[in-house]
Amino acid sequence: MAPRVANVTQYKIRCGDEVAAALRDGRPVVALESTLVAHGLPRGENLRIGRQIEQTVRDHGAVPATIGMVAGELVVGLDENELTRLASGEDVLKLSGRDLAPAAVAGRDGATTVASTAAVAAAVGIDVFATGGLGGVHRGAAESFDESADLVTLAHTRICVVCAGTKSILDIGATLERLETLGVTVLGYGTNRFPGFYLTDSGFDLPWRVDTPEQVAEVLVAGRIHAVHPGAVVVANPLPPSDQVDPALHDRVLTDGLARAAAQGITGKDVTPFLLAHFHEATAGASLRANVQIILRNAELAARIAVALSKHQAADETDSSRVSPATP
Ligand code: PSU
Ligand code: MN
């Protein structure tokens, strides 16, 4: 039997027209993930919030590129119909990087996580990506080995990810240790402390602090000129204390949610959506309001970083040597 030859065109990544034009012209683009819309926010509100995230990117001068898979095609810059399909479809998969190729062959619809969104965005030349919270090391990971693929992917993907730290449902200390081991640069935005997603301050210190989008852009440019370190730059942007979920409520709901997840035997990629849905329900919408605030603030900051970075690039002399001679 002759081997089946894959159809090259069918498996190419398709950029939406607006995103393709912006990338061609070197204008600022911000990548957005679709898992937080399809699996992290409640149905009925998720589409409206997804659109709001895109509008926030536009309002701050960049082109939004929401990434996802539609009928097996990997799309960068979902259009209105495609976003609606992923936000409200019955059978939308949660796709990490390892799932992309089989889902393409199977012709499936799927939402991309931080890991797969970062990888696809970097592959098409997008430098900045906004999300809510990173995946990380789950509590009890010493036994379950449950660590998000987000971490390992960021170790070798050159992209700037703006987030509110890592979800507070995780083991934050262990996640920070893994980020260090994996060589992921972490910058606090206006803070020396790692944010805890729903909570402003996770209680853990960070090695680096930046205070403006221009400083972030400069860090990205320095890394690119050195070209010796392949990992991501995480910009950790905390919620203001007035917008965080009440810490006592947070701890109660989390304890209860973890017990329910264990009792119901929730494992693997279902853990994060289960816990997020539990929070939205058990806090009567307080965690949802915080979640939306987080994403919109990160979309704004990511757009401002992308704008600052595109100015840098315009001003850059094309200098081919990245090693400067020793001064005599
Ligand atoms: N941030 C949010 N909501 C989410 C997520 C992040 O505000 O739903 C998603 C991201 O797509 C992230 C994923 O990559 O949760 C992590 O899932 P896991 O722990 O299974 O790797
Ligand atoms: Mn997991």
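Residues numbered from 1 in each chain as written. Chains lettered and ligands numbered in written order. Predicted model: local features only at pLDDT ≥ 70, side-chain atom pairs only at ≥ 80, totals over all residues. Heavy atoms only, no water.

Another aspect to go through is the site of ligand 1. Taken together, 18 residues are adjacent to ligand 1, and Glu33, Lys94, Ser148, Asp150 and Thr272 come closest. One of the side-chain N or O atoms of Glu33 is found 2.6 Å from an oxygen atom in ligand 1. Notes on ligand 1: free accessible area 480 Å², of which the protein chains cover 94%. Counting residues per element, the ones that place at least two in the shell around ligand 1 are helix H2 (35-38) and helix H12 (271-282). Residue composition of the shell around ligand 1, grouped by class: four nonpolar, nine polar and five charged. (Near = heavy atom within 4 Å. Polar contact = N/O pair within 3.5 Å; in protein donor to acceptor, adjacent residues only side chain to side chain. Areas by Shrake-Rupley, 256 points an atom, 1.4 Å probe, with all protein chains shown as cover. Helix = DSSP H or I, 4+ residues; strand = E, 2+ residues; numbered from the N terminus. Nonpolar A, V, L, I, M, F, W, Y, C, P; charged D, E, K, R; others polar.)

As a further point, take the packing of helix H11 (residues 247-263) against H12. Between H11 and H12, the least distance of the axes is 10 Å, while the angle of their chain directions is 135°. In terms of axis orientation, H11 runs oblique to H12. The chirality of how H11 crosses H12 is right-handed. Contacts between H11 and H12 involve His250, Val253, Leu254, Asp256, Gly257, Leu258, Arg260 and Ala261 on the former and, on the latter, Phe274, Leu275, His278, Phe279 and Ala282. Taken together, the residues that form the contact of H11 with H12 break down as eight nonpolar, three polar and two charged. (Axes fitted to C-alpha atoms, helices over the stretch in contact; angles between N-to-C directions. Parallel < 35°, antiparallel > 145°, perpendicular 65-115°, else oblique. Left-handed = near helix turned anticlockwise from the far one by under 90°. Contact = heavy atoms within 4.5 Å.)

If you look at the biggest cluster of nonpolar residues, it comprises 44 residues, and the most contacted ones within it are Val30, Ile53, Val128, Val162, Val216, Val235 and Ile305. Of the residues forming this core, the biggest block, twelve residues, is contributed by helix H13 (residues 286-315). Other than its neighbours up to four places away in sequence, Ile305 contacts Val128, Val162, Pro213, Val216, Ala217, Leu220 and Val235. Membership of the second largest hydrophobic core comes to 40 residues, among which are Ala118, Leu176, Leu179 and Phe194. (Core = buried A, V, L, I, M, F, W, Y, C linked by side-chain atoms within 4.5 Å. Buried < 20%, exposed > 50% of the residue type's maximum accessible area, 1.4 Å probe, protein only.)

This part covers the pattern of salt bridges. Counted under the stated rule, the structure contains 16 salt bridges. For Asp109, the salt bridge goes to Arg85, with nearest N and O atoms at 2.8 Å. Of this pair, Asp109 sits in the loop between helix H5 (100-106) and strand E6 (110-112) while Arg85 sits in helix H4 (residues 80-88), and the two are 24 residues apart along the sequence. Residue classification places Asp109 among the buried residues on the basis of a relative accessible area of 13%. Between Glu147 and Arg178 there is a salt bridge, with the nearest N and O atoms lying 2.9 Å from each other. On the criterion of sequence distance, the pair formed by Glu147 in the loop between helix H7 (141-144) and helix H8 (149-155) and Arg178 in helix H9 (residues 172-181) is long-range, its members being 31 residues apart. Relative accessible area serves as the criterion here: at 26%, Glu147 is assigned to the partly exposed category. Within the structure, one salt-bridge network assembled from shared partners comprises Arg14, Glu73 and Glu82. (Salt bridge = Lys/Arg side-chain N within 4 Å of Asp/Glu carboxyl O.)

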